[in-house]
Amino acid sequence: MKRLILLLGIIVVVLAVANPNEAAFREHIREKQGIAGSLGIAVTDLLAGGKGGIRRDNYLVASRFYIGGDGILPRQDLAWGVGGMFFENSN
């Protein structure tokens, strides 16, 4: 039982350390979508009024990335980030 708890604790620590941030998600979008992704990020940044177009909800071991939700753009969930990887929502 102690080994199981220790193993779960180690997994939680590894996931928390590898939890991606906004900059990592922006780079992921740029790599995956190229110039179109870069332009999309720039437009959402402009429409967000200086707050940054892409936002992040942090849940310690995972993050949810979204745009909008306050102002012109309606909220749209984009992806989950877990362990340094991104799992995009299929809208």
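Please refer to the structure higher up on the page.
Trainee: Help me understand the nonpolar core, please; the structure alone is not making it clear to me.
Mentor: Grouped burial of nonpolar side chains is what soluble globular proteins tend to show. Core analysis: the largest hydrophobic core is formed by eight residues, namely F25, I29, I41, I54, F65, I67, A79 and F86. Among the elements that make up this core, the one with the highest residue count is helix 2 (residues 22-47) (three residues). Dropping the residues within four chain positions of it, A79 is found in contact with F25, S63, R64, F65, F87, E88 and N89.

Trainee: What am I meant to see in the sheet that holds strand 1 (residues 54-58) here?
Mentor: To summarise the sheet geometry, strands pair through backbone hydrogen bonds and adopt either a parallel or an antiparallel arrangement. In spatial order, the strands read 1-2-3-4; together these four strands make up an open sheet with antiparallel pairing. Among the strands making up the open sheet, the edge pair consists of strand 1 and strand 4 (85-88). Taken over all neighbouring pairs, the strand axes of this sheet differ in orientation by 30 degrees on average, direction set aside. Taken together, the six bridges between strand 2 (residues 62-67) and strand 3 (residues 76-82) define a ladder with antiparallel strand orientation.

Trainee: Help me understand unusual backbone geometry, please; the structure alone is not making it clear to me.
Mentor: Phi at L60 takes a positive value of approximately 65 degrees, unusual for a residue other than glycine. Looking at the element boundaries, L60 is found in the loop between strand 1 and strand 2. For L60, a relative accessible area of 56% translates into the label exposed.

Trainee: Is there a simple way to explain the pattern of salt bridges in this structure?
Mentor: A side chain of one charge can pair with a side chain of the opposite charge if their charged atoms are brought near each other. All told, the structure shown has five salt bridges when counted by the stated rule. R26 is paired through a salt bridge with D45; the nearest N and O atoms lie 3.1 Å apart. Classification of R26 as buried rests on a relative accessible area of 14%. According to the relative accessible area criterion, D45 is partly exposed, its value standing at 24%. E88 serves as the salt-bridge partner of K32, at 3.3 Å between the closest nitrogen and oxygen. Residue K32 is located in helix 2, and its partner E88 is located in strand 4; the two are separated by 56 residues in the primary sequence. A relative accessible area of 54% means that K32 is categorised as exposed.

How each quantity is defined
Residues numbered from 1 in each chain as written. Predicted model: local features only at pLDDT ≥ 70, side-chain atom pairs only at ≥ 80, totals over all residues. Heavy atoms only, no water. Core = buried A, V, L, I, M, F, W, Y, C linked by side-chain atoms within 4.5 Å. Buried < 20%, exposed > 50% of the residue type's maximum accessible area, 1.4 Å probe, protein only. Helix = DSSP H or I, 4+ residues; strand = E, 2+ residues; numbered from the N terminus. Contact = heavy atoms within 4.5 Å. Pairing = 2+ DSSP bridges. Axes fitted to C-alpha atoms, helices over the stretch in contact; angles between N-to-C directions. Salt bridge = Lys/Arg side-chain N within 4 Å of Asp/Glu carboxyl O.

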